[in-house]
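# Tertiary structure, described
Residue strings, one per chain:
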Amino acid sequence: MPTKISRNYSGPWRKTPGRLFGVGFVRLYQLTFSAMVGGHCRHIPTCSEYAYEAIARHGLWRGGWLSARRVAKCGPFGTSGIDNVPDA
């Protein structure tokens with residue numbers, strides 16, 4: 001039986017209301033608007049995958065702040081490459 005593989009964070013995280021709201025919002029974006037925006041992210045993981053993991057691991061406020069900083073890096077003169085969510 002094949003194992004379900006998710007591109008989003010699948011590690012352990014506390015399922016608090018703020019985190020559930022945040023990852024639900026990101027997942028809704030991934031299922032609806034992400035296809036319209038297009039797949040031209042220069043970072044690995046993509047910004048939405050990064051946001052999902054940051055909110056799941058660090059909570060809605062800190063994870064949201066990390067996600068906003070990451071999206072700001074995606075401008076025309078921004079960075080590219082591997083950019084993982086910080087542990088602490």
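In what follows, the accompanying structure is described. Positions within a chain are numbered from 1, following the residues in the order the chain's sequence is written. Since the coordinates come from a predicted model, pLDDT governs what is reported: local features require at least 70, and pairs of side-chain atoms require 80 or more to be given and counted, while whole-chain, interface and lining totals use all residues. Each side-chain value is derived from all of the structure's non-hydrogen atoms; neither hydrogens nor water enter the calculation.

A few words on the overall build of the protein chain. Each helix is a run of DSSP H or I of at least 4 residues and each strand a run of E of at least 2, with the numbering of both proceeding from the N terminus. Broken down by element type, the protein chain carries four helices and two strands. Our radius of gyration looks at C-alpha atoms and nothing else; its globule reference is 2.2 Å times the residue count to the power 0.38. What you see for the protein chain is a C-alpha radius of gyration of 13 Å, in line with the 12 Å of a compact globule of 88 residues. Structurally, the protein chain occupies a C-alpha span of about 35 × 35 × 20 Å along its principal axes. Burial analysis of the protein chain (88 residues in total) assigns 31% to the buried set. Residue exposure (1.4 Å probe, protein chains only): buried if accessible area is under 20% of the type maximum, exposed if over 50%, otherwise partly exposed.

Our focus in this paragraph is the side chain of S67. Among the secondary structure elements, S67 is positioned in helix 4 (residues 60–72). Side-chain atoms alone can form a polar contact between residues adjacent in sequence; in general such a contact is a pair of N or O atoms within 3.5 Å, and within protein one must be able to donate a hydrogen while the other accepts it. At 2.7 Å, the side chain of S67 and the backbone oxygen of G63 are in polar contact. Throughout, a contact is declared for two residues whenever any of their heavy atoms are within 4.5 Å. In contact with S67, other than residues within four places in its own chain, are Y50, A51 and A54.

Our focus in this paragraph is helix 1 (residues 17–31). The span one expects for a helix is its residue count, reduced by one, times 1.5 Å. Under the 1.5 Å per step criterion, the end-to-end length of helix 1 is 21 Å for 15 residues, consistent within 8% with the ideal 21 Å. Among the residues of helix 1, R19, G22, V23, V26 and Q30 are the ones counted as buried. Along the long axis of helix 1, the arc covered by the buried residues comes to 90°, so they all point the same way. Of the residues in helix 1, the exposed ones pointing more than 90 degrees away from the buried face are P17, F21, F25 and L31. Contacts made by the buried residues of helix 1 are with helix 2 (34–37), helix 3 (47–58) and helix 4. It is the directions from the helix axis to the C-beta atoms that the arc portrays.

Nonpolar cores were defined as sets of buried Ala, Val, Leu, Ile, Met, Phe, Trp, Tyr and Cys residues, with membership established by side-chain atoms within 4.5 Å. W13, V23, V26, A51, Y52, I55 and A56 form the largest nonpolar core, which has seven residues in total. Broken down by secondary-structure element, the contributors of at least two residues to this core are helix 1 and helix 3. Here this core gets four residues from one element, more than from any other, and that element is helix 3. Each residue touching Y52, except ones within four places of it in the same chain, is listed here: N8, Y9, W13, V23 and V26.

For helix 4, built from 13 residues, the straight-helix expectation of 18 Å at 1.5 Å per residue is met to within 8% by its first-to-last C-alpha distance of 18 Å. The secondary structure elements touched by the buried residues of helix 4 are strand 1 (43–44) and helix 3.

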